[in-house]
Protein chains: 2
Amino acid sequence: MGISERKEREKQEMRDLILNAATAMFIEEGYDKTSIRKIADKIEYSPATIYLYFKDKDEIFHAIHDKGFDKFFALMETTRSIENPFDRLIRLSDLYIDFAYENPEYYDLMFIMMAPIEALTHNNEDWTCGFQAYNFLKALIKECMDEGLMKEMDVEVAALSIWSFKHGMTSLAIRNRFKMYSEAEVKKLMKESCDMMLDLFRKK
Amino acid sequence: MGISERKEREKQEMRDLILNAATAMFIEEGYDKTSIRKIADKIEYSPATIYLYFKDKDEIFHAIHDKGFDKFFALMETTRSIENPFDRLIRLSDLYIDFAYENPEYYDLMFIMMAPIEALTHNNEDWTCGFQAYNFLKALIKECMDEGLMKEMDVEVAALSIWSFKHGMTSLAIRNRFKMYSEAEVKKLMKESCDMMLDLFRKK
DNA sequence: AAATATACTGAACAGTGTTTAGTAAAGTCA
DNA sequence: TGACTTTACTAAACACTGTTCAGTATATTT
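Since the structure is predicted, the reported quantities are computational estimates derived from the model, not experimental observations.

A. Molecular detail of the UniProt feature "DNA-binding region" (unreviewed entry) in chain A. As annotated by UniProt and renumbered to match this structure, "DNA-binding region" (unreviewed entry) occupies residues 35-54 of chain A. As annotated, residues 35-54 of chain A comprises 60% helix and 0% strand, and the C-alpha atoms at either end are separated by 14 Å.

Quick look at the structure:
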């Protein structure tokens, strides 16, 4: 009979309803200002109902965290059209910062905040999203080395270094730690820094 | 008369009492778990009293943020004994990570969290602590270049790049984003990555 | 039609940062 | 010394927060 299937569908619809409301509020207002009560208000259900579909607030935000990675993966895929792997690496690296600037709240959830990552630490889950993006980077780095475009070194070390650099610059900017520079200076310096840094990895 | 002086002294003592209690709790439990009410409980005063000495929670944590920088400055000074500027840069860079690992809560306040930096954004204050540490780094980089130990480049760009790299690695580690590696692997890769990265800046 | 299962909620628990009105002690001045 | 003022402090409240649980109304099954 189709009743249980409809019920399953309705359950999923309700989850989506909650998640969409939560996502919209989160992107607008951030994590702290998106309360369970406000989400419940928005979808016109009681706060208790939300707990029938999500274990706790962290689980909701882990789901949003995943949506952020989906957005990021879609952006990453657009680099595939670039022939030269090193140019592709440069483009990917630029995209990373663009993504963070355009989706600061997502970036927060994905790479800075503890909340969503603790949801899976508790559940003994892997950080699949992160692994996927990281493997994309590693494969690209390997390709660069194989084609003799990049200095030979341990791929893990190179990936860790480049990601660290990119994340550091991004998160310092997002979290307002470049107060020693004006907004225009920051923009200019970040671009120059990225160009210089990746050039250090180029085989000459 | 000395009454107003005693009053001033007592006021400062009370501020210190609050700050010391807050700092101890913060280092033990972190920002979120250190509530105004718990601080008040610890020092055996009412929560409202704390608001006679600090504008809000952010102001307390900005004061702790400053204490963190004092700790960091003291550590930075220990590098002065190293003759070779580039070796000094390497040591400073290692110290940065050591500090973050040994004082993760302080590091949080200093370089990741919004709370303390927003306290001064609202008061139109400079981020003096940050400027000071950054100038130390820039002066050191300039010295390295002047002595022909480091590749010639814009000092601002070099400083921004090195700090970004260091902060990125540190904060990804602290915020549990290196789940693709075991603890031992992370330690090893971070060391290798730091060595490799700074070596890229070395003039050969 | 009766019994069971599902979906949902009101109200409460235990906490948060912050404000305000009121009190008791300390200091000032005639 | 007594009256007035300032200072230091607090109880209680406001407006929130995440989360739980007993109870209810509806839907499904027997």
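B. Layout of the protein's contact with DNA strand D. Taken together, 22 residues form the shell around DNA strand D, and within it Arg6, Arg37 and Tyr51 of chain A together with Thr49 and Tyr53 of chain B come nearest. In the interface set of DNA strand D, defined as its atoms within 4 Å of the protein, sugar plus phosphate atoms amount to 59%. Contact between DNA strand D and serine 35 of chain A: a phosphate oxygen at 2.8 Å from a side-chain N or O atom of the residue. Secondary-structure elements contributing two or more residues to the surface near DNA strand D are α1 (3-29) and α2 (36-43) of chain A together with α1 (3-29) and α3 (47-50) of chain B.

C. Main features of the packing of aromatic side chains. Per the stated rule, a full pass over the model turns up 34 aromatic pairs over all chains. Between the aromatic rings of phenylalanine 111 of chain B and tryptophan 163 of chain B, the centroid separation amounts to 6.0 Å while the plane-to-plane angle is 70°, which identifies the pairing as edge-to-face. Of this pair, phenylalanine 111 of chain B sits in helix α6 (residues 104-112) while tryptophan 163 of chain B sits in helix α9 (residues 155-174), and the two are 52 residues apart along the sequence. Assigned by exposure class, phenylalanine 111 of chain B and tryptophan 163 of chain B land together as buried. Chaining the aromatic ring pairs together yields one cluster made of Phe69, Phe72, Phe73, Tyr96, Phe99, Tyr107, Phe111, Trp127, Tyr134 and Trp163 of chain A together with Phe178 and Tyr181 of chain B. One cation-aromatic arrangement involves arginine 177 of chain A over tryptophan 127 of chain B; the distance from NZ or CZ to the ring centre is 5.8 Å.

D. Representation of the domain arrangement of chain A in the model. All names here are of chain A. What the domain assignment reports for chain A is domain 1 (1-54) and domain 2 (57-200). One C-alpha centre belongs to domain 1, the other to domain 2, and the line joining them spans 29 Å. At the interface, 15 residues of domain 1 touch 13 residues of domain 2. Summing the contributions of domain 1 and of domain 2, the shared interface buries around 1,300 Å²; its carbon and sulfur component is 73%. For the domain 1 face of the interface with domain 2, the top three residues by lost area are Phe26, Tyr31 and Phe54, together amounting to 46%.

About the cut-offs
Residues numbered from 1 in each chain as written. Chains lettered and ligands numbered in written order. Predicted model: local features only at pLDDT ≥ 70, side-chain atom pairs only at ≥ 80, totals over all residues. Heavy atoms only, no water. UniProt positions renumbered as here; feature names shortened; annotations may be inferred. Helix = DSSP H or I, 4+ residues; strand = E, 2+ residues; numbered from the N terminus. Near = heavy atom within 4 Å. Polar contact = N/O pair within 3.5 Å; in protein donor to acceptor, adjacent residues only side chain to side chain. Phe/Tyr/Trp six-rings, centres within 6.5 Å; stacked < 30°, edge-to-face > 60°. Buried < 20%, exposed > 50% of the residue type's maximum accessible area, 1.4 Å probe, protein only. Lys NZ or Arg CZ within 6 Å of the ring centre and 35° of its normal. Domains from an automatic or database assignment. Contact = heavy atoms within 4.5 Å. Buried area = accessible area lost by both parts, 1.4 Å probe.

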